Amino acid sequence: MSRSTNRRETAKLATGMSVMEMSHRGSDFIRIAESAEARLRELMAIPEDYRVLFLQGGATGQFAAVPMNLSAQDAAADYVITGMWGKRAHAEGAKFLDRVNVAASSNPSTYVPPQDEWRLTPGADYVHITLNETIQGVRFATVPDTGAVPLAADVSSIILSEPIDVSDFGVLYAGAQKNIGPSGLVVVIVREDLLGRARATTPLVWNWFENAKSGSMLNTPPTYAWYIAGLVFDWVAGQGGVAAMAEVNGRKAAKLYAAIDQSGFYANPVAPANRSLMNVPFTVAQPDLEPVFLAEARAAGLVNLEGHRSVGGMRASIYNAMPEAGVEALIDFMKEFETRHG
Ligand SMILES: *Cc1c(COP(=O)(O)O)cnc(C)c1O
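It should be emphasised that the depicted structure is a prediction, and the values quoted were computed from it without experimental measurement.

Peer 1: What should I look at first to understand the environment of Val280 in this one?
Peer 2: Mapped onto the secondary structure, Val280 falls in strand β11 (residues 279-284). Remark: the alpha-carbon pair of Val280 and Gly137, spanning 143 residues in sequence, is separated by 5.6 Å. In this structure, Val280 is in contact with Leu256, Tyr257, Ile260, Asn268, Met314, Arg315, Ala316 and Ile318, ignoring residues within four places of it in sequence.

Here it is, written out as structure tokens:
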């Protein structure tokens, strides 16, 4: 085989272009986009009658898209609020619906109210929940049963960390930046029979039906984020899939909660059944030690441990990308810190 043939062969396999340079409608990018969707479908066992959309505007955009795609202005929807993101979703929903009922809420946000205490609205268009509240570290232990009323769930900080039965939901959405890839992308998984209910004023970019029809390409999608998401899906598959991630995540979380509970120096207020596997907030016995903890942790190479500015304290977000050794390093540091300051 001559050299020039070799070169031509190579050109056939690789375009020589960065994904950033590709046209989103060109066959090279279409291939990237389709294989990312196929991989996600495989990882989450997404049933055939669900559409997967790759959109922009983050989870916050979907707070508005959910009512605009599922309800008329004069209709009703129920929200179960178990932390700050659910509160935000409800506030946004209230702009687009005359009747947004808080079916249940926890105060303080340290547990999920049991379903037999919820006050659901007969004839509501949907029930909205946040499957994992990222800031408070509160996770639904079981998926509620809302019968014929579609369940809409924000799964931004739990997607791909443990198996989710997609068929329990009408719609799921997740900002990419926690467990999927770079920010700038939001993944929406919606049951086909819910498409076509959008009110006429729904902006095109958030209209699920129009996006499903155009393969999420009714305008330029976030191509680079979509590409990286596909690589992350491949990585999750290479780790053994979502069940294998869940096993590691379960171990990571169990070790960290055990270290907190056994210390008497650190504390986590969340009901054990509702403790998040992804986000572990904790406090130290004397609040004035918190800045000291954070500064010393940083010096030890342990960063991003500040609690969300709305709640303070500390929070270890131990997403899929955090290896078990990272959690062990944090636990070792916490024990050592307690010895010196406890
Ligand atoms: C991070 C997060 C959000 C906010 O996502 P944006 O993409 O920044 O809008 C919403 N909900 C949950 C559960 C989150 O973890």
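Peer 1: Can you help me understand the confidence of the model for the protein chain in this one?
Peer 2: Parts of the prediction with low pLDDT should not have their coordinates interpreted in detail. The predicted model of the protein chain averages 94 in pLDDT, with 96% of residues at 70 or higher. Across residues 1-12, where pLDDT falls below 50, the model places 1 contact with residues more than four positions away in sequence or in other chains.

Peer 1: Looking at this structure, I do not really get the packing of aromatic side chains. What am I missing?
Peer 2: How two aromatic rings sit relative to each other is given by the distance of their centres and the angle of their planes. Counted by the stated rule, this structure contains 15 aromatic pairs. Between Tyr79 and Tyr126 the ring centres are 5.8 Å apart and the planes differ by 75 degrees, which places this aromatic pair in the edge-to-face class. Here Tyr126 lies in the loop between β3 (99-105) and β4 (127-130) and Tyr79 lies in strand β2 (residues 76-81), a separation of 47 residues in the sequence. By the burial criterion, Tyr79 is buried, and Tyr126 matches it. On the basis of an interplanar angle of 80 degrees and a centroid distance of 5.1 Å, the ring pair of Phe293 and Phe337 is categorised as edge-to-face. A residue pair is termed long-range when its members are at least 10 positions apart, and Phe293 in helix α8 (residues 290-299) and Phe337 in helix α9 (residues 324-341) qualify at 44 residues.

Peer 1: When you look at the site of the ligand in this model, what are you seeing that I'm missing?
Peer 2: The immediate surroundings of the ligand are formed by 13 residues, with Thr60, Thr134, Asp154, Gln177 and Lys178 found nearest. Side-chain polar atom of Thr60 to an oxygen atom of the ligand: 2.5 Å apart, as the coordinates give it. Gln177 has a polar side-chain atom sitting 2.9 Å from an oxygen atom of the ligand. Burial of the ligand by the surrounding chains reaches 86%, relative to a free accessible area of 390 Å². Take the shell around the ligand: its biggest share by element is 4 residues, from helix α3 (residues 58-70).

Peer 1: I would appreciate a short explanation of the sheet that holds β11 in the present structure.
Peer 2: What holds strands together in a sheet is hydrogen bonding between their backbones, with the strands either parallel or antiparallel. An order of β10-β11-β12 is seen for the 3 strands of this open sheet, with the pairing classed as antiparallel. If you trace the sheet from one side to the other, it starts and ends with β10 (266-267) and β12 (314-317), each paired once. Of the pairings in the sheet, the one linking β10 to β11 comprises 2 bridges and is antiparallel in character. Looking at the pairing, Tyr266 lines up with Val284 of β11. Along the sheet face, α8 touches β10, β11 and β12 and points at about 125 degrees away from the line of β11.

Peer 1: Looking at this structure, I do not really get unusual backbone geometry. What am I missing?
Peer 2: Only a minority of non-glycine residues have a phi that is not negative, and only a minority of peptide bonds are not trans. A cis geometry characterises the amide bond from Asn107 onward to Pro108, with omega recorded as 0 degrees. Among the secondary structure elements, Pro108 is positioned in the loop between β3 and β4. We note that Ser216 has phi near 60 degrees; this positive angle belongs to a residue other than glycine. Counting through the fold element by element, Ser216 comes out in the loop between α5 (208-213) and α6 (223-238). Within the chain, Asn304 stands out as a residue other than glycine whose phi angle is a positive 60 degrees. Position of Asn304 relative to the elements: it lies in the loop between α8 and β12.

Peer 1: I tried to follow the pattern of salt bridges on my own but got confused; where do I start?
Peer 2: Two side chains that carry opposite charge are able to pair once their charged atoms sit near each other. Enumeration over the complete set of coordinates arrives at 17 salt bridges. The partner of Glu37 in a salt bridge is Arg41, and the shortest N-O contact between them spans 2.9 Å. Placement of both Glu37 and Arg41 in helix α2 (residues 27-44) is noted, with a separation of 4 residues, approximately one turn of the helix. Of the charged contacts in the structure, one is a salt bridge between Arg251 and Glu324, with a shortest N-O distance of 3.0 Å. Pair noted here: Arg251 is in helix α7 (residues 242-263) and Glu324 is in helix α9, with a separation of 73 residues, a long-range link. We classify Arg251 as partly exposed; its relative accessible area is 37%. Shared partners join several salt bridges into a network, and the residues in it are Glu247, Arg251, Lys255, Glu324 and Glu328.

Peer 1: Is there a simple way to think about the side chain of Ser216 in this case?
Peer 2: Classification of Ser216 by relative accessible area gives buried; the value is 4%. Ser216 has contacts with Val52, Leu53, Phe54, Leu55, Asn211, Pro221 and Trp226, leaving out every residue within four places of it along the chain.

Peer 1: Before we go on, may I ask you to explain the sheet that holds strand β1 (residues 50-55) in this structure?
Peer 2: Strand order in this open sheet of 7 strands is β1-β9-β8-β7-β4-β2-β3, and the pairing throughout is mixed. Of all the strands in the sheet, the pair left with one neighbour each is β1 and β3. The mean angle between the axes of side-by-side strands here comes to 20 degrees, regardless of whether they run parallel or antiparallel.

Thresholds, definitions, all that
- Residues numbered from 1 in each chain as written.
- Predicted model: local features only at pLDDT ≥ 70, side-chain atom pairs only at ≥ 80, totals over all residues.
- Heavy atoms only, no water.
- Helix = DSSP H or I, 4+ residues; strand = E, 2+ residues; numbered from the N terminus.
- Contact = heavy atoms within 4.5 Å.
- pLDDT = per-residue confidence, 0-100.
- Phe/Tyr/Trp six-rings, centres within 6.5 Å; stacked < 30°, edge-to-face > 60°.
- Buried < 20%, exposed > 50% of the residue type's maximum accessible area, 1.4 Å probe, protein only.
- Near = heavy atom within 4 Å.
- Polar contact = N/O pair within 3.5 Å; in protein donor to acceptor, adjacent residues only side chain to side chain.
- Areas by Shrake-Rupley, 256 points an atom, 1.4 Å probe, with all protein chains shown as cover.
- Pairing = 2+ DSSP bridges.
- Axes fitted to C-alpha atoms, helices over the stretch in contact; angles between N-to-C directions.
- Salt bridge = Lys/Arg side-chain N within 4 Å of Asp/Glu carboxyl O.

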